[in-house]
Every structure is written in structure tokens, then in C-alpha cells.
Amino acid sequence: SFNFKNVTDIIYERLDKRIVNLLRLIGIYGHELKMPVYVVGGFVRDLLLNIPNYDIDIVVEGNGIEFAKYVGKQLDAIVVPYEKFYTATLVFKDGFKIDIATARTEYYEKPGELPQVDVSTIKKDLYRRDFTINAMAIKLNPNEFGVLYDFFNCQRDLQEGIIRILHNLSFIEDPTRMIRAVRFETRYNFRIEEHTLDILKKNLEGKYLERVSGSRIRQEIEKILEEREPMKAIRRLAELGILKHIFPKTYYTPTMDEKLERVFKFLPSVKERYQNISDFYAISTVLLEFYDKETLDDMRNRYGYPKKFIESLKFTENMMMPLKSMIETRLNFSDIYKVIGKGNPYIFIHLSAYLEEDDQEYLITYIDAILNTKLEKVSGKYVIERFSLKSGPVINEILERLYAMKLDNPKLDEIQTVEKIAEQFLKNLEQAEISENQKT
Ligand code: ATP
């Protein structure tokens, strides 16, 4: 039939020779073990769209792990089996990986839980997938190499740019598909089909997303943040009401939109300067603004924010407006330092949400000053010995004042400056003691 056309030409035209050879070999091994094998899912979708994709997912009608072990032996690759899921990953000498799965029908005990697995055929395997555009397979066995298995009019949807679920219970089986729908919509500039949208909205109201574990939701959001246009997807999540079911107290206003936009502009400069910056935490500084303590605790439990992150967020959120004007008036670093000290990357990211581009640039110069300024000559020990002081808060205050001054003037002479600071300090201390004595 038309739906089972042969796409061998496209395979040869669009894929690296290496990949074609690998697919050919996998088909031959399938033949040798008398198992039908297919490449499936996103790889097929992107092949037909002519978009590069090196995530090869293989499905076997038969024992996928046994098949993986056979291929591993033939091609000298390491096999990492996941017995529980009847799947395996093959890791080649050069680090290239492919996933091999057993064709299966998943059924879910309860919405949002991990699926139970049963051995099945390719059609059922494809039927359990998220959307029609992801539900095609290409056969690899030599006698049928390149035959496109399209049971559900998937090619038509791909051509028309439509995101469509395969059956009405799809979002109940796995509510994270609601987020995935938006991701594919924005990535390919596709549209969620009307019936799918109706069901999505109904299932949203049914609070199915709330039943999913926070870590799975977070993973899908993180995937969105890796896309080329995350803002477009976030906007769409808000528009469809999905965001409200992820962050229940977030009101997506034009102001919030602007803030997120500014955060995304600022993020690359932060990532150049700090390691392991999480985009998820970054947008959370804005999305979780002005949450009440209780809901914030819920969010922490649900999405696993570090306690420190939440505490710092709470502590600094009321400082954002004052800091904004300090930055805008180009106040000295030492004055900004008095308010936020060395800060942390997420405070800076949060602040960036309030800043226009040139003000963000000034903030970056502050960050660079913080990262590059160290006291080299004067230490706590030096202060104690030089001024015959006991260790205590005064020592730190002297060092902090010296540090703040060095932020403004990196070339300042630490030894000379600390003399003046200490003199001032000691004078003030004396005065305080005198007035203290006069009182008694
Ligand atoms: P990407 O290009 O972002 O990797 P992908 O479609 O390859 O997209 P994966 O998350 O790698 O996405 O999943 C591979 C395939 O597994 C998908 O094409 C889809 O068929 C199926 N799949 C993944 N997640 C789900 C899900 N939550 N529900 C149903 N099917 C899924």
C-alpha cells in the first residue's frame, strides 16, 4: 500500500555512509537471528524531514537483549542491558551509541507511573508512542530494507505539520506528553491538532499533570530549555494553561514574559563565567517570584530545588528593585557589594530579569570584578598582628571594607589602605567606648 512505500533512496541520499552501513548490518543480523528489526521514532521523523539526527533507536520483534548481544559481538561494541525493560544500549569503540528495544505494548498501572512491559509487535509498539510524527518505523532486514511502516497516517501529519496523539487516553497514560507536544510544536513550527488539543485541555483540568512525579516534569522542561527557541515554547505552555499546572502560583503576564526574555539574553554571559548553571533554576528565579512560603516548599519538594537556592531567592527578591536602580545609576561596585556581597550566579540571573541590555553589561562588569578581585597582601592574620587586635567581627569588617575598596580600584595598595581603614575603625571604636563609659 501507499503507506508502506520504500525509502531506501532517501536513506542513501540523506544519511552518512557510516550510518547506512550500520543500518544495513543491523538488518543482516536481524535476518541471521530471524528477528524483524526496525529503526523507529525520532530518527525516522527527522530523516523524512531531512534534519540530521544521530539518535538511532532500534526495535526488534523478538528478544531485544539477545539481539543486542549478538550485534555487540559482531561489531565489537559494549552491550549495556536493562533487563527490566527488555532494552539495551550498544556503545561502539568511538563512543557512538544506539538503543535497542524489544517491541512492546506498555500498559500503565496508574497514570504517571512507569510502564509495565510486554513483548509485542511493531504495530503495537508504534501505537503506544506519543504522537503520530514519532510513530513510524523503517524495516532493516535485507529482504525488506527501507520499507516505511506507517500504520496511522503519520506521513500525512508530518507533511501537514500536525501534532496528533494516537488514541484518546494518550495524555492520561503519560501526562508529560502535554509538554512534549509543545516542544515538538515549537521545534518544527507545527500545530497541535484540534481533537488532540481538546483532549489535552480536558486532561489538564482533570489534574493529570499533578499526578506525575516532579522529576519527570522537570526533565521535560529541561528538554524544552535545550531547544533553539525556549521562550516560544514557554509562551505556548502558558497560553495553553499547562504552565499553571506546573507552577500553580505563576501568573504569566507580559511583564513576566519580558523578564524571562531578559534572563535568556543574559544567560550566556553567566555560563561563560560559572560552571553547571541550570537553565531550569535560572527561569525559576522569575517563575517562583513572590511565592508564599508554603507553596515554595511544595515546589522544592516537587522539583528538587536545593534548599540554599530557595532561601537565597526568598532573601533577595525584595532587593531586586533597589538593585535595579543602583545598577541603572552605575553606582560604585563597593556600594553594590554592601547590598549583595559576592552574591551567587542565580541572584545575578534574577537581577538580569530587571535590566535592559546596557545595564546587564554593567552587571557583568560587577560579576567580573567579584570573580577577579582577591586580597593578596592583607589577611586576617596580618590585621590581627599589625594592629594588635583580638580575632572577632572587627577583623572581618576591616577586610570587607578593604575588599570593597579594591573592587572599585583594583590597583589599590592593600598595605597602605588597610592602615587608613584600621585607623578609622579604631577611632570609631574608642569613641564608642567613651560614650559607653559616659552613660554609666
Ligand atoms: P528528540 O529529537 O528531542 O530526541 P525524540 O522523538 O527522539 O526527540 P526521545 O525522547 O529521544 O525523543 O524519544 C524517542 C522516541 O520514543 C520518540 O520518537 C517517541 O516515539 C518515543 N517516546 C519518547 N517519549 C515518549 C513518551 N513520553 N510517550 C510516548 N512515546 C515516547
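Rules and cut-offs
Residues numbered from 1 in each chain as written. Predicted model: local features only at pLDDT ≥ 70, side-chain atom pairs only at ≥ 80, totals over all residues. Domains from an automatic or database assignment. Contact = placed C-beta atoms within 7 Å. Nonpolar A, V, L, I, M, F, W, Y, C, P; charged D, E, K, R; others polar. Pairing = 2+ DSSP bridges. Helix = DSSP H or I, 4+ residues; strand = E, 2+ residues; numbered from the N terminus. Axes fitted to C-alpha atoms, helices over the stretch in contact; angles between N-to-C directions. Parallel < 35°, antiparallel > 145°, perpendicular 65-115°, else oblique. Left-handed = near helix turned anticlockwise from the far one by under 90°. pLDDT = per-residue confidence, 0-100. Buried ≥ 20, exposed ≤ 12 C-beta atoms within 10 Å, placed from the backbone. Arc of directions from axis to C-beta.

Side note on the domain arrangement of the protein chain
By the assigned domains, the protein chain splits into domain 1 (1-160), domain 2 (164-246), domain 3 (249-372) and domain 4 (380-439). Taking the mean C-alpha position of each, domain 1 and domain 2 sit 25 Å from one another. Of the residues lining the interface, twelve residues belong to domain 1; the matching set on domain 2 comes to 14 residues. Here the residues of the side of domain 1 that touches domain 2 sort into seven nonpolar, two polar and three charged.

Quick word on the pairing of strand S4 (residues 87-91)
When a strand is regular, its side chains alternate between the sheet's two faces. Bridge count between strand S3 (residues 78-82) and S4: five bridges; the pairing is antiparallel. When the bridges of S4 are listed, Ile78 appears paired with Val91. The hairpin turn running from S3 into S4, its antiparallel successor, is four residues long, and Tyr86 in that turn takes a positive phi close to 55°. As defined by bridge partners, S4 adjoins strand S5 (residues 97-102) across five bridges and the pair is classed as antiparallel. Counted as the bridge partner of Leu90 is Ile98 from S5. Where S4 folds back on S5, the antiparallel hairpin that results is connected by five residues, among which Gly95 adopts a positive phi of roughly 95°.

Quick notes on the sheet that holds strand S8 (residues 137-139)
Here seven strands make up an open sheet; going across it, the order is S3-S4-S5-S2-S1-S8-S9 and the pairing mixed. In this open sheet, the two edge strands, each paired with only one partner strand, are S3 and strand S9 (148-149). As paired elements, strand S1 (residues 37-40) and S8 share three bridges and run antiparallel to each other. Across the sheet, Val40 pairs through a bridge with Ala137, a residue of S8. Each of S1 and strand S2 (56-60) touches helix H2 (residues 17-32); the most contacted strand, S1, lies at about 145° to it. Across the sheet, helix H4 (residues 64-75) lies against S2, S3, S4 and S5, angled at about 15° from S4, the strand it touches most.

Focus: the packing of helix H8 (residues 177-188) against helix H11 (residues 230-239)
Remark: H8 packs on H11, axes separated minimally by 9 Å, with the N-to-C direction vectors making an angle of 135°. In this view, H8 runs oblique relative to H11, as classed from their interaxial angle. The chirality of how H8 crosses H11 is right-handed. The segment H8 lies against H11, with Val182, Arg183, Glu185 and Thr186 engaging Lys232, Ala233, Arg236 and Leu237. Here the contact of H8 with H11 is composed, by residue class, of three nonpolar, one polar and four charged.

Some points on the confidence of the model for the protein chain
Mean pLDDT over the protein chain stands at 93; residues scoring 70 or higher make up 95%. Confidence metrics for the complex model read pTM 0.90 and ipTM 0.95.

Concerning H11
Among the residues making up H11, those that are buried are Pro230, Ala233, Ile234, Leu237 and Ala238. The arc that holds every buried residue of H11, seen down its axis, measures 140°, which confines them to one face. Those residues of H11 that are buried are in contact with H8, helix H10 (214-225) and helix H12 (254-273). Phi for Gly241, located one or two positions after H11, is positive at around 80°.

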